[in-house]
Amino acid sequence: MDSVITDNIKSIREKIRIAAEKSGRSESGIKLVAVTKNVTIARIKSAIEAGITDIGENKAQEVLSKHTELEEDIVWHFVGHLQRNKVKLIIDFVDLIQSVDSLRLAREIDQRARGKGKIQEILVQVNVAQEETKFGLKKAEVLQLVREISRFNNLKIKGLMTIAPLVTDPQEVRPVFAEASAIFEDAKREGIPGVELEYLSMGMTNDFEVAIEAGANMVRIGTGIFGKAS
Ligand SMILES: *Cc1c(COP(=O)(O)O)cnc(C)c1O
């Protein structure tokens, strides 16, 4: 047991509760994914003892090595940029791939999943366009990508994921979260066959409260749980 990790998780859950209540929801409706990149097995086990059920990794190699060392019944999320040639390494071990940002990557995951007789659950990663930067996808483009990915038989789209730009004042990215949330609601309303839009994954240590207020129901927290130099 690591009491700092336990206390951090308690404090994050309390902040999640307050942010959820601000938007008329309850803490139980927000899934907390502990992001364990660069975190040792012993520290991950402490987090699991403190009630963490979902962990997120951003490197294929770390999924592989940690998977063999953690026998606990946990849900594995892949949250990092995924290269197509790494899909085959992790396909057996990941429950939810959150970072599907192109049709080519989706096609590769679909093929590998078919080879394993698996239906792979995924989130479509959207980088919401910001007027100043013209970086990312516009609403129509996101909806089009979701429609195209929905046609793969061995993929199941469970929602959307977004990463906001890193800023010093999280209030600055409120419009980014609001736009992602609007796209999520639009996509749900469209009722695309085979798509079950359950999760809107947005918010990290620096900005999860703003993300929840804007509609996130899944947050991905690393340093807020494990500290900076873990
Ligand atoms: C590292 C990472 C996180 C967690 O970031 P923190 O700021 O440490 O909470 C969340 N999502 C993704 C995609 C990440 O790579």
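Here, every reference points to the structure presented above.
What counts, and where the lines are drawn
- Residues numbered from 1 in each chain as written.
- Predicted model: local features only at pLDDT ≥ 70, side-chain atom pairs only at ≥ 80, totals over all residues.
- Heavy atoms only, no water.
- Salt bridge = Lys/Arg side-chain N within 4 Å of Asp/Glu carboxyl O.
- Helix = DSSP H or I, 4+ residues; strand = E, 2+ residues; numbered from the N terminus.
- Buried < 20%, exposed > 50% of the residue type's maximum accessible area, 1.4 Å probe, protein only.
- Contact = heavy atoms within 4.5 Å.
- Near = heavy atom within 4 Å.
- Areas by Shrake-Rupley, 256 points an atom, 1.4 Å probe, with all protein chains shown as cover.
- Nonpolar A, V, L, I, M, F, W, Y, C, P; charged D, E, K, R; others polar.
- Pairing = 2+ DSSP bridges.
- Core = buried A, V, L, I, M, F, W, Y, C linked by side-chain atoms within 4.5 Å.

**Q** I keep staring at the pattern of salt bridges and nothing clicks. Help me out?
**A** In this structure the tally under the stated criterion is 19 salt bridges. Here Arg17 ties to Glu21 by a salt bridge, and the two come within 3.1 Å at their closest N and O atoms. On the criterion of helical spacing, the pair formed by Arg17 and Glu21 is a turn pair, its members being four residues apart in helix H1 (residues 3–22). According to the relative accessible area criterion, Arg17 is partly exposed, its value standing at 29%. Here the salt bridges do not stand alone but share partners, grouping Lys156, Lys158, Glu196 and Glu198 into one network.

**Q** Is there a simple way to explain the side chain of Asp110 in this structure?
**A** Of note, Asp110 is situated in helix H5 (residues 103–115). A relative accessible area of 3% means that Asp110 is categorised as buried. The contact partners of Asp110, leaving out residues within four places of it in the chain, are Phe152, Asn153, Asn154 and Leu155.

**Q** I keep staring at the site of the ligand and nothing clicks. Help me out?
**A** As a structural note, the neighbourhood of the ligand is formed by Val35, Lys37, Val79, Ile163, Met204, Thr205, Arg220, Ile221, Gly222 and Thr223. Coverage of the ligand by the protein chains reaches 86% of its 380 Å² of free accessible surface. Residue composition of the shell around the ligand, grouped by class: five nonpolar, three polar and two charged.

**Q** Hey, could you run me through the pairing of strand E8 (residues 218–221) in this one?
**A** For a regular strand, side-chain orientation follows a simple rule: the groups alternate between the two sheet faces. Of the two faces of E8, the one carrying Met218 and Arg220 and the one carrying Val219 and Ile221 are both buried. Sheet topology places strand E1 (residues 31–35) next to E8; four bridges connect them, and they run parallel. Residue pairing across strands places Ala34 opposite Ile221, the latter belonging to E8.

**Q** I'm lost on the environment of Gly56 in this one. Help?
**A** One can find Gly56 in strand E2 (residues 54–57). The class of Gly56 is buried, set by a relative accessible area of 0%. Distance from Gly56 to Val100, taken between C-alpha atoms, is 14 Å for residues 44 residues apart in sequence. Those residues within four positions of Gly56 in sequence are excluded, and the remaining contacts are Val33, Ala34, Val35, Thr36, Lys37, His77 and Val79.

**Q** Can you help me understand the pairing of strand E3 (residues 75–78) in this one?
**A** In the sheet, E2 pairs with E3 via four bridges, with the strands oriented parallel. Counterpart to Asp54 in the pairing with E3 is Val75. Where E3 and strand E4 (residues 96–100) come together, two bridges link them in parallel fashion. Opposite Phe78, over in E4, you have Ile97 as the bridge partner.

**Q** Would you mind showing me how to read the environment of Ile55 here?
**A** Summarising the element assignment, Ile55 is placed in strand E2. Separated by 20 residues in sequence, Ile55 and Val35 place their C-alpha atoms 5.6 Å apart. With residues up to four places along the chain from it excluded, the contact list for Ile55 reads Val33, Ala34, Thr36, Ile44, Leu70, Ile74, Val75, Trp76 and His77.

**Q** When you look at unusual backbone geometry in this model, what are you seeing that I'm missing?
**A** The phi torsion of most residues other than glycine is negative, and most of the peptide bonds are trans. Positioned with a positive phi, Asn38 is a non-glycine residue whose angle comes to about 65 degrees. Among the secondary structure elements, Asn38 is positioned in the loop between E1 and helix H2 (41–49).

**Q** Would you explain the nonpolar core in this entry?
**A** Grouped burial of nonpolar side chains is what soluble globular proteins tend to show. Core analysis: the largest hydrophobic core is formed by 70 residues, its most contacted members being Ile97, Ile109, Ile149 and Ile225. When near neighbours in sequence (up to four residues on either side) are disregarded, Ile97 contacts Phe78, Leu82, Ile90, Ile109, Gln120, Glu121, Ile122 and Leu123. Within the second largest apolar cluster, six residues are counted, among which are Val33, Leu96, Met161 and Tyr199.

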